[in-house]
Amino acid sequence: MVQVLYFAWLKSRTGCAEEQVSPPAGVHTVRDLACWLREQSPGHAEALADLAVIRAAVDQEHVSLDSPLGEAREVAFFPPVTGG
């Protein structure tokens, strides 16, 4: 099981702030997980449609979408963060 967290507009589009998922065996990277999650509901498909505008963290460490999931316990998806 992997805890998936959604922040900002991803949360409103998926309809949830977090969920526990059991991805299939073919899901090896963060990108694979996002692609699999898109198939779970229309809201997920909308939220994760453009992965170029999504950032991710695995177990609270910022990672690229091509990073392996390994034994991840938590994956977070969020929009780019800017400071000012």
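Here the structure is shown first, and the text comes after it.
Residues numbered from 1 in each chain as written. Predicted model: local features only at pLDDT ≥ 70, side-chain atom pairs only at ≥ 80, totals over all residues. Heavy atoms only, no water.

Peer 1: If you had to explain the environment of tyrosine 6 to someone new, which residues and values would you point to?
Peer 2: Secondary-structure assignment places tyrosine 6 in strand β1 (residues 2-6). Among the residues examined, tyrosine 6 registers a relative accessible area of 2% and is labelled buried. For the pair formed by tyrosine 6 and phenylalanine 78, sequence separation is 72 residues and the distance between their alpha carbons is 6.2 Å. Apart from residues lying up to four places away in sequence, tyrosine 6 is in contact with Lys11, Thr14, Cys16, Ala17, Glu18, Glu19, Leu37, His44 and Phe77. (Helix = DSSP H or I, 4+ residues; strand = E, 2+ residues; numbered from the N terminus. Buried < 20%, exposed > 50% of the residue type's maximum accessible area, 1.4 Å probe, protein only. Contact = heavy atoms within 4.5 Å.)

Peer 1: So what about the nonpolar core? Which residues, and what values?
Peer 2: Of all hydrophobic cores here, the largest spans 23 residues; its most connected members are Val4, Val30, Leu33, Leu37, Leu48, Val75 and Phe77. For this core, the secondary structure elements donating two or more residues are β1, α2 (30-38), β3 (55-58) and β5 (74-78). Counting residues per element, this core draws most heavily on α2, which supplies 5 residues. (Core = buried A, V, L, I, M, F, W, Y, C linked by side-chain atoms within 4.5 Å.)

Peer 1: Tell me about the pattern of salt bridges, residues and numbers included.
Peer 2: Scanning the model with the defined rule gives 2 salt bridges in all. A salt bridge links glutamate 46 to arginine 13, with the shortest nitrogen-to-oxygen separation between them at 3.7 Å. Here glutamate 46, found in helix α3 (residues 42-47), pairs with arginine 13, found in helix α1 (residues 9-14); they are 33 residues apart in sequence, far enough to count as distant. Across the salt bridge formed by arginine 31 and aspartate 66, the nearest N and O atoms sit 2.8 Å from each other. (Salt bridge = Lys/Arg side-chain N within 4 Å of Asp/Glu carboxyl O.)

Peer 1: Run through the packing of aromatic side chains, naming residues and quoting values.
Peer 2: The final tally for this structure, using the stated rule, is 1 aromatic pair. Aromatic pair tyrosine 6 and phenylalanine 77: ring centres 6.4 Å apart, planes at 20 degrees, arrangement stacked. A residue pair is termed long-range when its members are at least 10 positions apart, and tyrosine 6 in strand β1 and phenylalanine 77 in strand β5 qualify at 71 residues. Neither tyrosine 6 nor phenylalanine 77 differs from the other in exposure class; each is buried. (Phe/Tyr/Trp six-rings, centres within 6.5 Å; stacked < 30°, edge-to-face > 60°.)

Peer 1: Account for α2, with residues named and values stated.
Peer 2: Every buried residue of α2 is accounted for by Val30, Leu33, Ala34, Trp36 and Leu37. Angularly, the buried residues of α2 cover 165 degrees about the axis, an arc narrow enough to put them on a single face. On its buried face, α2 is in contact with β1, β2 (18-21), α3, β3, β4 (61-63) and β5. (Arc of directions from axis to C-beta.)

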